[in-house]
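A look at the structure
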Amino acid sequence: MVDINKPWVVDSRLSERFTVYTRGNAGEVAGMVASPLQQTVISGWRSETAWRQALIDFGAFDDCEFSPDSLDIIGVAHGYIYINLSIQRVFGVRMPGASAELMDRTYLGSSTGAPEYVEQPGDSAPQYAERIGASIGRVMGTTSRPDLEADAQRALELRRARPDYSAMSDHELVAYSNRVNDEYTADFLRKHMLMMYESSIVTGFLDETLGRFDDSTLGVRLMGGWGGVASAAPAIELWRIGRLAAASELVTKEFEVGVDGVLDRLRSRGEVEARSFVEQFDGFIFEYGSRSSQEWDIFPPDWESHPEMVATLVNQFRKLPQDSSPEATGKKVSQGREALLEELRVRLADDAEGWGQLQAAVAALSVWMPARELSKTNFIKALHETRLPLRELGKRFADRGVLESFDDLALLRLDEVSALIDDPSVVSVIAERKEWIAELERREPPFVVVAGDVPSPTTWEQRTGPSALPVAGPGETLSGLGACPGSATGVARVIMDPSEAEELESGEILVAPETDPGWTPLFTTCAGVVVNVGSPLSHAAIVSRELGIPAVLAVEQATKRIKSGTLLTVDGTTGTVTVH
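Below is a summary of the structure that appears in this document. (Residues numbered from 1 in each chain as written. Predicted model: local features only at pLDDT ≥ 70, side-chain atom pairs only at ≥ 80, totals over all residues. Heavy atoms only, no water.)

**Some thoughts on the side chain of S47**
Mapped onto the fold, S47 is located in helix α3 (residues 45-58). At a separation of 2.6 Å, a polar atom in the side chain of S47 contacts the main-chain carbonyl oxygen of I42. If near-sequence neighbours (up to four positions away) are discounted, S47 is found in contact with I42, I74, L189, M193 and W296. (Helix = DSSP H or I, 4+ residues; strand = E, 2+ residues; numbered from the N terminus. Polar contact = N/O pair within 3.5 Å; in protein donor to acceptor, adjacent residues only side chain to side chain. Contact = heavy atoms within 4.5 Å.)

In structure tokens:
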């Protein structure tokens, strides 16, 4: 049996200068063990370099503060990716108007267990204030981000120019993947990493401006309903395709026969309705096929590779009532925001400076909330083109009998993949690693770890075991982070993976471990959302606000404390979940 106490293949040495790490935000995009190929293609040095440069470009750090030969910002402990909380705390200390405590709230939410911040020499170095001040001025003065629109066009052209993988040699596939990573993915990732800090300026300024009202619900009520948010677009387009299916008796009958094989059956038909539906469906896959759950994985269940998942979602959408349109619900959020703004304008009638600050904050939100999601979308589209050649290579090795399955390639580092092309014996390491990763993924990693004091994986809680907290009973209220205003009452449906979409009925409350873009369409089919993790600027928060779905995030162990079938009331304004 494999020894899971030893370091995983791509574990990193945790920083001795910045010692505290958290799964906060990391767990949302990298929920499971980082495979060797994932870490050497995506989330290792390539991501670390982009993140360091973003902090330097923002003016908050100098390159000399980071270790030259080990990962500091993105740590890996027994296979699980962690974000360096100490670095984020130092950022908060150096950022005017922020603090280490604010960064704790951003990354930890209501979770506990992190050691208190203790200032170290150099943390509050004054030379960074001027640089960060310049970044603040730039962000608050920005009225559009045409560079991101240009990047979106670059990503589209990259997709259109995708080569015929079948005509490429094994080595050419690896070389093409590396080229796309170097020429597109790395730059898009750097911009997205910088965007995390740029957008935090805006939300921080909003919080400061609203502080005079002594009402903690105002911020979440003002942060959504902007329209044009890239990560909400798939839900809107799926709604349209679902309406197309519902309006066609022919297409409806094929779905009623069963989702399995529905696409093949429709492709085989010659009727105009069938051809029109297939054309729209294929157009969706072309545009949004890069999206998936587990978007940082090397071989995620993306929609292009798994179109049957999209067919399942279309089947769900076609059954929804007309008033469930995501555009209509999003419009209600927008109208609510505008009504609240008018109310605040009246309350600030004698405070021209305060009203001016609030107008500036809201104007900045209208730019930076959509921009944040567009930067992520651009990155994922380029990353998709980086991964697909490696998927093709994995399929070749499986066809040749070298690998049992194409995704076994993920158990090799990138250098080992290149070596495998000429030396099939490299696969000898895969069996142990497969057993190893399975053992690690049976366990829930600690939410916070400290360098030099990472607990043994054998002591971690079993994912399938009982919660350390009791199951919530009638009358109990769970607290989290309100992400989208409004309330909804419905039956809970615990969904651990978006592939289980068929289990979620219209009007139910989705309870999920994390929600990246692969989950987005499910928001439209439910009445409310409860998530184990999340922050005010996490994907789930931004998209729920755009779609007008009441959501509460960072509810500790929600998927274990809430059982499917339990009647809940979700209040996304106050951040509470009440069990009935």
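There's more to say after this.
**Points about the sheet that holds strand β1 (residues 20-22)**
Spatial strand order, β2-β3-β1-β5: 4 strands in an open sheet with antiparallel pairing. The open sheet has two edge strands, β2 (74-77) and β5 (448-450), and neither has a second partner. Averaged over all pairs of adjacent strands, the angle between strand axes in this sheet comes to 40 degrees, irrespective of strand direction. Where β2 meets strand β3 (residues 80-84), 4 bridges bridge the pair, whose relative direction is antiparallel. The partner of V76 across the bridge, within β3, is I81. Relative to β3, helix α4 (residues 85-94) is tilted by about 20 degrees, and along the sheet it contacts β1 and β3. (Pairing = 2+ DSSP bridges. Axes fitted to C-alpha atoms, helices over the stretch in contact; angles between N-to-C directions.)

**Quick look at the packing of helix α15 (residues 326-347) against helix α16 (residues 352-399)**
Running from amino to carboxyl end, α15 crosses α16 at an angle of 160 degrees, the nearest separation of the two axes being 10 Å. Taken together, the axes of α15 and α16 lie roughly antiparallel to each other. When the axes of α15 and α16 are compared, the crossing they make is right-handed. Only W355, L358 and V362 of α16 make contact with α15, whose side of the interface consists of L341, L344 and R345. Residue composition of the contact of α15 with α16, grouped by class: 5 nonpolar, no polar and 1 charged. (Parallel < 35°, antiparallel > 145°, perpendicular 65-115°, else oblique. Left-handed = near helix turned anticlockwise from the far one by under 90°. Nonpolar A, V, L, I, M, F, W, Y, C, P; charged D, E, K, R; others polar.)

**Focus: the environment of T312**
Note on placement: T312 falls in helix α14 (residues 307-318). On the basis of relative accessible area, T312 is assigned to the buried category, the value being 12%. The spatial distance from the C-alpha of T312 to the C-alpha of G486 is 28 Å, given a sequence separation of 174 residues. (Buried < 20%, exposed > 50% of the residue type's maximum accessible area, 1.4 Å probe, protein only.)

**Considerations on the packing of aromatic side chains**
Evaluation of the coordinates by the stated rule reveals 14 aromatic pairs. Relative to F61, the ring of F18 lies with its centre 6.3 Å away and its plane at 70 degrees, an arrangement referred to as edge-to-face. With F18 in the segment before β1 and F61 in the loop between α3 and β2, this pair connects stretches of sequence that are 43 residues apart. The same class applies to F18 as to F61, namely buried. Three or more aromatic residues link up through ring pairs in this structure, and these residues are F18, F61 and F66. Between K6 and the ring centre of W436, over which it is positioned, the NZ or CZ distance is 4.7 Å. (Phe/Tyr/Trp six-rings, centres within 6.5 Å; stacked < 30°, edge-to-face > 60°. Lys NZ or Arg CZ within 6 Å of the ring centre and 35° of its normal.)

**Description of unusual backbone geometry**
Of note in this structure, Q294 is not a glycine but carries a positive phi near 55 degrees. Within the element layout of this structure, Q294 appears in the loop between α13 (272-288) and α14.

**Comments concerning the pairing of strand β10 (residues 509-512)**
Here β10 shows two buried faces, one formed by I509 and V511 and the other by L510 and A512. In terms of strand pairing, strand β9 (residues 487-494) meets β10 through 3 bridges, oriented parallel. The partner of A492 across the bridge, within β10, is I509. Pairing analysis gives 4 bridges linking β10 to strand β11 (residues 528-531), with the strands arranged parallel. The residue of β11 that forms the bridge with V511 is V530. Crossover connection from β10 via helix α19 (residues 520-525) to parallel β11: handedness right-handed. (Right-handed = clockwise from strand over helix to strand, strands pointing away.)

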